[in-house]
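Chain and residue survey
Chain by chain, the residues run as shown.
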Amino acid sequence: MECRIGCGACCIAPSISSPIPGMPKGKPAGVRCVNLNSENECTIWNEPNFPEVCRKFTASSWVCGSNNLEAFRLLTDLEALTTPSFS
């Protein structure tokens, strides 16, 4: 599956625990990556400083669904299911 231009769900919904350009402590879930522009496009895509964690993400129907809203919901659900519980 090709990434939907202007979706941005993978740059907002999940947390990123490793440092990324402009966010040295990573990115909390639900927070826009600072490298995402107003059209929901990554400004460092394919640049030398494009993070390995982002490079490894592959768009697929089970994660991205059939539209941007579904992608955001699916990624938010996956984030909740994979977040460790310390209770």
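1. Let's talk about the packing of aromatic side chains
Across all of its chains, the model carries one aromatic pair by this definition. Summarising the aromatic geometry, the rings of Trp 45 and Phe 50 are spaced 4.9 Å apart at their centres and angled 75 degrees between planes, so their arrangement reads as edge-to-face. In this structure Trp 45 comes out as exposed when scored by relative accessible area, which is 51%. Its relative accessible area of 7% is what places Phe 50 among the buried residues.

2. Considerations on the pattern of salt bridges
Inspection of every chain in the model, using the stated rule, returns three salt bridges. Across the pair Glu 52 and Arg 55 runs a salt bridge whose closest N-O atoms are separated by 3.8 Å. Placement of both Glu 52 and Arg 55 in helix H1 (residues 52–55) is noted, with a separation of three residues, approximately one turn of the helix. Look at Arg 55 and you get partly exposed, because its relative accessible area is 39%. A salt bridge links Asp 77 to Arg 73; the nearest nitrogen and oxygen atoms lie 3.4 Å apart. Here the residue Asp 77 and the residue Arg 73 both occupy positions in helix H3 (residues 68–82), the gap between them amounting to four residues, near one helical turn.

3. Some remarks on H3
Across its 15 residues, H3 extends 21 Å between first and last C-alpha, which sits within 8% of the 21 Å expected from 1.5 Å per residue. For H3, every residue scored as buried is listed here: Ala 71, Leu 74, Leu 75 and Glu 79. Along the axis of H3, the buried residues cluster in a sector spanning 140 degrees; they form a single face. Seen from the open side of H3, the exposed residues pointing more than 90 degrees away from its buried face are Leu 69, Ala 80 and Leu 81.

Reading the values: the criteria
- Residues numbered from 1 in each chain as written.
- Predicted model: local features only at pLDDT ≥ 70, side-chain atom pairs only at ≥ 80, totals over all residues.
- Heavy atoms only, no water.
- Phe/Tyr/Trp six-rings, centres within 6.5 Å; stacked < 30°, edge-to-face > 60°.
- Buried < 20%, exposed > 50% of the residue type's maximum accessible area, 1.4 Å probe, protein only.
- Salt bridge = Lys/Arg side-chain N within 4 Å of Asp/Glu carboxyl O.
- Helix = DSSP H or I, 4+ residues; strand = E, 2+ residues; numbered from the N terminus.
- Expected span 1.5 Å × (residues − 1).
- Arc of directions from axis to C-beta.

Shape is all these values report; function is a separate question.
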